[in-house]
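One letter stands for each residue in the lines below.
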Amino acid sequence: MNIIKTFTLRTDQPDTFRVYWTNSPVRAGGLIKVRIQSKIEDMAIAAELAAMQYLLEDKRVIGTNTVGNSPTRLYVSQGAIRKLQLNKSDKAHLAPYANFLTTRFAGCQMCVEKDSRWFDGFMPETVDELTVNQPKRETICLTGLGDVSVTQHVLQRISDRLLTESKQANSCSAAWKKLNEVASDPLIQEVSRQGIWNTVKYARQNKHEGRYFLNSRRNLILVVTDNPGEGKRLVTAYPANKQFAQMPLAA
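Residues numbered from 1 in each chain as written. Predicted model: local features only at pLDDT ≥ 70, side-chain atom pairs only at ≥ 80, totals over all residues. Heavy atoms only, no water.

On to the overall build of the protein chain, then. Assigned secondary structure in the protein chain consists of six helices and 13 strands. Going through the 251 residues of the protein chain one by one, you find that 44% of them count as buried. The long-range fraction of contacts in the protein chain, counting pairs at least 24 apart against all pairs at least 6 apart in sequence, stands at 63%. Surface summary for the protein chain: the accessible area is close to 13800 Å², and the carbon and sulfur share equals 48%. (Helix = DSSP H or I, 4+ residues; strand = E, 2+ residues; numbered from the N terminus. Buried < 20%, exposed > 50% of the residue type's maximum accessible area, 1.4 Å probe, protein only. Contact = heavy atoms within 4.5 Å. Areas by Shrake-Rupley, 256 points an atom, 1.4 Å probe, with all protein chains shown as cover.)

Before going further, it helps to spend a moment on the pattern of salt bridges. Under the counting rule described, the total for this entry stands at 13 salt bridges. Among the ionic pairs, Lys136 bridges to Asp58, the shortest N-O distance being 3.2 Å. Placement of Lys136 in the loop between β6 (128-132) and β7 (139-142) and of Asp58 in helix α1 (residues 43-58) is noted, with a sequence separation of 78 residues between them. Judged by relative accessible area, Lys136 falls into the partly exposed class, the value being 37%. Put simply, Asp115 and Arg117 hold a salt bridge, and the shortest N to O gap is 2.7 Å. Ionic contacts of the salt-bridge type, sharing partners, join the residues Glu57, Asp58 and Lys136 into one network. (Salt bridge = Lys/Arg side-chain N within 4 Å of Asp/Glu carboxyl O.)

Under the 1.5 Å per step criterion, the end-to-end length of helix α5 (residues 172-183) is 16 Å for twelve residues, consistent within 8% with the ideal 16 Å. Inspection of α5 places Ser173, Ala174, Ala175, Trp176, Lys178, Leu179, Val182 and Ala183 among the buried residues, and these make up the whole buried set. As for α5, its buried residues are in contact with β7, β8 (146-150), α4 (152-163), β10 (211-215), β11 (220-227) and β12 (231-239). (Expected span 1.5 Å × (residues − 1).)

Take the sheet that holds strand β13 (residues 244-246) next. Taking strand neighbours across the sheet as the criterion, the seven strands line up as β7-β8-β12-β11-β10-β9-β13 in an open arrangement whose pairing is mixed. The sheet is open, and its two borders are formed by β7 and β13, each paired with just one other strand. Within the sheet, the average angular offset between the axes of one strand and its neighbour, ignoring direction, is 45 degrees. Taken together, the three bridges between strand β9 (residues 189-193) and β10 define a ladder with antiparallel strand orientation. Bridging from a neighbouring strand, Glu190 pairs with Phe213 of β10. Against the sheet, α4 contacts β8, β11 and β12, and its axis sits at roughly 25 degrees relative to β12. (Pairing = 2+ DSSP bridges. Axes fitted to C-alpha atoms, helices over the stretch in contact; angles between N-to-C directions.)

Going through the model one piece at a time under the given rule, you end up with seven aromatic pairs. Residues Phe100 and Phe105 carry aromatic rings whose centres are separated by 6.4 Å and whose planes lie at 75 degrees to one another, so their mutual orientation is edge-to-face. The residues Phe100 and Phe105 share a single accessibility class, namely buried. Taking 6.2 Å as the distance between ring centres and 45 degrees as the angle between the ring planes, the aromatic pair formed by Tyr238 and Phe244 counts as tilted. Phe244 gets classed as buried once you look at its relative accessible area, which sits at 12%. Feature note: the residues Phe7, Tyr20, Trp118, Phe119 and Phe122 constitute an aromatic cluster, connected by ring pairs. For Lys5, the ring lying beneath its charged end belongs to Tyr75, and the centroid distance is 5.4 Å. (Phe/Tyr/Trp six-rings, centres within 6.5 Å; stacked < 30°, edge-to-face > 60°. Lys NZ or Arg CZ within 6 Å of the ring centre and 35° of its normal.)

Spatial relationships are all this shows, so hold off on functional conclusions.
This is how it looks when you write it as structure tokens:
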């Protein structure tokens, strides 16, 4: 079983936190000094989330290209983090910081542990420094477009559509792997949605229509939106129908 445990302490600077961590049941692993430059509430929670994501994805303390699964257990010092993973938190402003826990690492077990004795007297040889300007969203590479962030909804659609039909394990980790497989398929092409009424409908709602990408191997449409301040985001997937047509190539 893989574990990562974090514990966050405040410093005398209101935007800076010390996050102790370990990936061992018997000893401390290290210390991260996290500075939150975003002007948000609950900076301590954002700091622990950023540190956990850094340990999983950048420092890779439990392996390369890992995906959340039940044998991986995350121990955190703040109960709000577990609520964010379960989508039971009223702290909507922190949801972008917890995006990795509801997508790529949604399959991890999470526990709240406030016992700090495991790092008592710990003197790290080096301290990692992490500056957080904004949330780091989970992304995948979509053929023909590049990196797009991922929502929990599109993972659920992939799970419902492809994993159930193929009788594969209907798990968060399987959905993440399948979504990457579908999005990176070289047969993907951008398509247009026929009919003017869709554009009119979005205009009336003061919204822009998304872009549509067809995976012809799966007969699946992937929908990408481009939102100010959030960038390109893969929001949903559904079966293709005759409304979608291949876009003409540029001259």
